[in-house]
Amino acid sequence: MKRFGKMAMVSSLLMLAACSGSGIREDLDQVLNETFDAEEDYRSVQGDLEEREKAEQLLFEETMALTQEQQGEVADQAQEALDSADERLGLLQTEKDSMQAAEENFAEIDSVIESAEEESVIADLEALKAQMLERFAAHDEFSEAYEELIARQKELYEMLQDDQSTLEILQEKAAEVNEQNEQVQLAVTEFNELTQQVNGLKDSTLENLSESEE
């Protein structure tokens, strides 16, 4: 059966070098750095999520290789997989809370926009705001898809614990899991692409601000 899990969510905001002086650029720099700092928990759980996904996948494959005569061992390993899935839900919640805090911090960009006077600067800041909000929305979509993936995986693990589950039933549920995983991977790709776009737009906006304040 195909591998399932997230295993691709690696993109994050790039940290900024501290700037000195005053003006719009410094204000924006502060907002972006505070947003970056708020995403620390999001970044910190990525490794744990990936490790659990890999271990869970291996555990699932080992469990599927067991025979009916080893149902006791199947049930134990399925429970271990269920526990792992619940741990991933906890890590995902940490990730979501971190991104929520980051979005709240980023809202301070409104005051930066209000203090700007040049139309070109305002346009750059508005574009950056729109791109970042789209990124946050993409993470919400990913979280929803990933939670659904975990729910379907848990259903599969619970079926493994039931000695009445046939191979056909298990394969059908595994197909559902893999189908949902495809949705997760699409959401991950969208989030990563938006993160890269935000990083590029952030750099160009800061560069333009530096030039306008010279």
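Residues numbered from 1 in each chain as written. Predicted model: local features only at pLDDT ≥ 70, side-chain atom pairs only at ≥ 80, totals over all residues. Heavy atoms only, no water.

## With respect to the overall build of the protein
Right, on to step 1. Counting its secondary structure elements, the protein contains six helices and zero strands.
Right, on to step 2. Mapped from its N terminus to its C terminus, the protein presents α and β elements in the order α-α-α-α-α-α.
Right, on to step 3. The contacts of the protein with a sequence gap of at least 6 include a subset with a gap of at least 24, amounting to 83%.
Right, on to step 4. Here the protein has roughly 10,900 Å² of accessible surface; of this, 45% comes from carbon and sulfur atoms. (Helix = DSSP H or I, 4+ residues; strand = E, 2+ residues; numbered from the N terminus. Contact = heavy atoms within 4.5 Å. Areas by Shrake-Rupley, 256 points an atom, 1.4 Å probe, with all protein chains shown as cover.)

## A look at the packing of aromatic side chains
Aromatic ring pairs are reported here in terms of the distance separating the ring centres and the angle at which the planes meet.
Right, on to step 1. For the coordinates displayed, the defined rule picks out four aromatic pairs.
Right, on to step 2. Between the aromatic rings of Tyr42 and Phe191, the centroid separation amounts to 6.1 Å while the plane-to-plane angle is 75°, which identifies the pairing as edge-to-face. Within this pair, whereas Tyr42 is found in helix 2 (residues 40-64), its partner Phe191 is found in helix 6 (residues 167-212), the two being separated by 149 residues in sequence.
Right, on to step 3. The class for Tyr42 is buried, based on a relative accessible area of 0%.
Right, on to step 4. A residue is classified by how much of its surface remains accessible, and Phe191, at 0% relative accessible area, is buried.
Right, on to step 5. In this structure, Arg43 packs its charged tip against the face of Phe36, placed 3.8 Å from the ring centre. (Phe/Tyr/Trp six-rings, centres within 6.5 Å; stacked < 30°, edge-to-face > 60°. Buried < 20%, exposed > 50% of the residue type's maximum accessible area, 1.4 Å probe, protein only. Lys NZ or Arg CZ within 6 Å of the ring centre and 35° of its normal.)

## Some details on the side chain of Glu56
Right, on to step 1. Position of Glu56 relative to the elements: it lies in helix 2.
Right, on to step 2. Beyond its immediate chain neighbours, meaning those up to four positions away, Glu56 contacts Ala81, Ser84, Ala85, Arg88, Gln153 and Tyr157.

## Some thoughts on the packing of helix 1 (residues 24-38) against helix 2
Right, on to step 1. The geometry of helix 1 relative to helix 2 is characterised by a closest axis approach of 4 Å and an angle of 35° between their N-to-C directions. Listed contacts from helix 2 to Phe36, Asp37 and Ala38 of helix 1 are Glu40, Asp41 and Arg43.
Right, on to step 2. Residues that form the contact of helix 1 with helix 2 fall into these classes: two nonpolar, no polar and four charged. (Axes fitted to C-alpha atoms, helices over the stretch in contact; angles between N-to-C directions. Nonpolar A, V, L, I, M, F, W, Y, C, P; charged D, E, K, R; others polar.)

## Re the pattern of salt bridges
Right, on to step 1. Scanning all chains against the criterion turns up 13 salt bridges.
Right, on to step 2. Residue Asp203 is joined to Lys202 by a salt bridge in which the shortest nitrogen-to-oxygen separation is 3.6 Å.
Right, on to step 3. We classify Lys202 as buried; its relative accessible area is 4%.
Right, on to step 4. Members of the salt-bridge network, linked through shared partners, are Glu155, Lys173 and Glu176. (Salt bridge = Lys/Arg side-chain N within 4 Å of Asp/Glu carboxyl O.)

## Some thoughts on helix 1
Right, on to step 1. In a regular helix each residue adds 1.5 Å, so 15 residues correspond to 21 Å; helix 1 covers 21 Å between its end C-alpha atoms and thus fits that length.
Right, on to step 2. Where helix 1 is concerned, the buried positions are Ile24, Arg25, Leu28, Asp29, Val31, Leu32, Asn33, Thr35, Phe36 and Ala38.
Right, on to step 3. At its buried positions, helix 1 is contacted by helix 2, helix 3 (71-106), helix 4 (109-115), helix 5 (119-161) and helix 6. (Expected span 1.5 Å × (residues − 1).)

## Let's talk about the environment of Gln153
Right, on to step 1. Positionally, Gln153 belongs in helix 5.
Right, on to step 2. With 71 residues separating them along the chain, Gln153 and Leu82 place their C-alpha atoms 8.3 Å apart.

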